[in-house]
Amino acid sequence: VSVIKKVDIDPKKKYIIGVHPHGIFGVAAWANIISDNDVFPGLNYRVLTVSSNFGIPVWREVCMGMGLVDASRDSCKYLLDNNISVAIVVGGAAEALDSRPGTNDLTLSRRLGFIRLALEHGADVIPVFSFGENDIYEQVLPNPPGSFIRTMQEKLMKLFGYSIPLVTGRFGFPFPLKRTITTIVGAPISVPHIPNPSLQQILDVHQRYVVALQDIYDEFKDVCYSNRRQDLRLVDQLRPSDFRRLLKPVDDSPLLPTRTDSSSSPKNAAEPTSETTTDPNKNADSSESSSQSGKASVKVVKDKSKVRRSKL
């Protein structure tokens, strides 16, 4: 596992660090971000994880010992208010179900909560992408959206808060395969401090983030991932419920959703869908139309985790 940083960051500022892809177990996040492998020297930050990780004896103590924090808005607000940065594996459990060697399918188009949080606290966002994360395990059976296996995995994910991919690795056991993982840390994206951001402002910053992530991929894909089978895709779709959720009070909007849709035909998230145009918020359509000029290829698949205040 190696790291390439495009720029050095100012440790006196606060950031939201978006880590991609999730992979099966997020090995690059553990090796480079959670372990504090001098990737962000001098920066005071915590890594977010789903609430269910703190409900498992022994494993809960491991997570707390590693400095992991519950991915609730209360926790994030407390951290950012105290000038402590946060790192989040944005795709979460839903993205793990699409993790396969040679692919880079991300769940990102519906992930707007971390952008809203960044605007509310004036925290710059840092895109991080790890080439090879999806190569260290192979899924045993195909699980396309709408299939029986995928449906059962999504039901279990809704029940437990995390997904259960059926994987194999070295020697036919779930041991990670020996593969090279290269983590690219992008330049911070400047985000203004807007305590009550509009939907348009959230979507604009989100589009800038997606474009920056695509730029990282395009710049390093031939050097770090020449054996790929396909390029970066966003495989979830924005829905009217996402816009309505953003317009609700903060505590009603989960930061780290995990449940996915079973849509079988991913589309470009920058294209307005028939569902999206029916949304009462007029800004949604104009934002999506304006994002057509973005460089990112956005193809797009909700969860509500219990809000819990983490002890720091």
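Above this text sits the structure in question.
Reference entry: report on the structure contained in this document. (Residues numbered from 1 in each chain as written. Predicted model: local features only at pLDDT ≥ 70, side-chain atom pairs only at ≥ 80, totals over all residues. Heavy atoms only, no water.)

## Examining the packing of helix α3 (residues 73-81) against helix α5 (residues 113-121)
Next, step 1: Between α3 and α5, whose axes approach to 11 Å, the crossing angle comes to 35°. In the crossing of α3 with α5, the sense of the turn from one axis to the other is right-handed. Residues Arg-73, Cys-76, Lys-77, Leu-80 and Asp-81 of α3 form the contact with α5, whose own contacting residues are Gly-113, Arg-116, Leu-117, Glu-120 and His-121.
Next, step 2: Its residues assigned to classes, the contact of α3 with α5 shows three nonpolar, two polar and five charged. (Axes fitted to C-alpha atoms, helices over the stretch in contact; angles between N-to-C directions. Helix = DSSP H or I, 4+ residues; strand = E, 2+ residues; numbered from the N terminus. Left-handed = near helix turned anticlockwise from the far one by under 90°. Contact = heavy atoms within 4.5 Å. Nonpolar A, V, L, I, M, F, W, Y, C, P; charged D, E, K, R; others polar.)

## Comments concerning the packing of aromatic side chains
Next, step 1: On inspection of all chains with the given rule, the structure shows nine aromatic pairs.
Next, step 2: Taking 4.9 Å as the distance between ring centres and 65° as the angle between the ring planes, the aromatic pair formed by Phe-129 and Phe-131 counts as edge-to-face.
Next, step 3: Residue Phe-131 is classed as buried on the basis of its relative accessible area of 0%.
Next, step 4: Taken together, Phe-129, Phe-131, Tyr-217 and Tyr-225 form an aromatic cluster joined through their ring pairs. (Phe/Tyr/Trp six-rings, centres within 6.5 Å; stacked < 30°, edge-to-face > 60°. Buried < 20%, exposed > 50% of the residue type's maximum accessible area, 1.4 Å probe, protein only.)

## Quick look at unusual backbone geometry
Next, step 1: Backbone torsion omega between His-20 and Pro-21 reads -20°, so that peptide bond is classified as cis.
Next, step 2: Relative to the elements of secondary structure, Pro-21 occurs in the loop between β2 (15-20) and α1 (27-34).
Next, step 3: Positive phi, close to 70°, is recorded for Val-58, a residue that is not glycine.
Next, step 4: Among the secondary structure elements, Val-58 is positioned in the loop between β3 (45-49) and α2 (59-65).
Next, step 5: Phi is positive for Phe-171, close to 60°, though the residue is something other than glycine.
Next, step 6: For Phe-171, the location among the structural elements is in the loop between β9 (167-168) and β10 (182-185).
Next, step 7: Here Phe-171 falls in the exposed class, since its relative accessible area comes to 68%.

## Re α5
Next, step 1: Counting buried positions along α5 yields nine of nine residues, so the element is predominantly enclosed.
Next, step 2: Every buried residue belonging to α5 is among Gly-113, Phe-114, Ile-115, Arg-116, Leu-117, Ala-118, Leu-119, Glu-120 and His-121, and all of these are buried.
Next, step 3: Buried residues along α5 sit against β2, α3, β7 (124-131), α7 (199-224) and α8 (240-246).
Next, step 4: Directly beyond the C-terminal end of α5, a positive phi value near 65° is found at Gly-122.

## Digging into the environment of Leu-108
Next, step 1: In this fold, Leu-108 is placed in the loop between β6 (105-106) and α5.
Next, step 2: Residues Leu-108 and Gly-91 lie 17 residues apart in sequence; the distance between their C-alpha atoms is 6.0 Å.
Next, step 3: Excluding residues within four positions of it along the chain, Leu-108 makes contact with His-20, Val-90, Phe-114, His-206, Tyr-209, Val-210, Leu-213, Leu-234 and Asp-236.

## Side note on the packing of α5 against α7
Next, step 1: One way to put it is that α5 packs onto α7 with a least axis distance of 9 Å and a crossing angle of 110°. Comparing the axis directions of α5 and α7 gives the class roughly perpendicular. Contact residues: Phe-114, Ile-115, Arg-116 and Leu-119 in α5; Gln-201, Ile-202, Val-205, His-206 and Tyr-209 in α7.
Next, step 2: Of the residues that constitute the contact of α5 with α7, the class distribution is six nonpolar, two polar and one charged. (Parallel < 35°, antiparallel > 145°, perpendicular 65-115°, else oblique.)

## Let's talk about helix α6 (residues 148-160)
Next, step 1: When the terminal C-alpha atoms of α6 are compared, their 18 Å separation across 13 residues agrees well with the 18 Å that a helix rising 1.5 Å per residue should span.
Next, step 2: Those residues of α6 that are buried lie in contact with α4 (92-96).
Next, step 3: Once α6 ends, the next one or two residues include Gly-161, with phi positive near 95°. (Expected span 1.5 Å × (residues − 1).)

## Thoughts on the pairing of strand β5 (residues 85-89)
Next, step 1: Most of β5 sits out of view: five of its five residues are buried.
Next, step 2: Burial along β5 is two-sided: Ser-85, Ala-87 and Val-89 and Val-86 and Ile-88, pointing in opposite directions, are all buried.

## Regarding the pattern of salt bridges
Next, step 1: By the definition in use, this model includes 14 salt bridges.
Next, step 2: Taking the shortest distance from any N to any O, the salt bridge between Lys-13 and Asp-124 comes out at 2.8 Å. With Lys-13 in the loop between β1 (2-5) and β2 and Asp-124 in strand β7, this pair connects stretches of sequence that are 111 residues apart.
Next, step 3: In this structure, Asp-222 engages Arg-228 in a salt bridge whose closest nitrogen and oxygen atoms are separated by 2.9 Å.
Next, step 4: A cluster of three or more residues bridged by salt bridges with shared partners is formed by Asp-218, Lys-221, Asp-222, Arg-228 and Asp-231. (Salt bridge = Lys/Arg side-chain N within 4 Å of Asp/Glu carboxyl O.)

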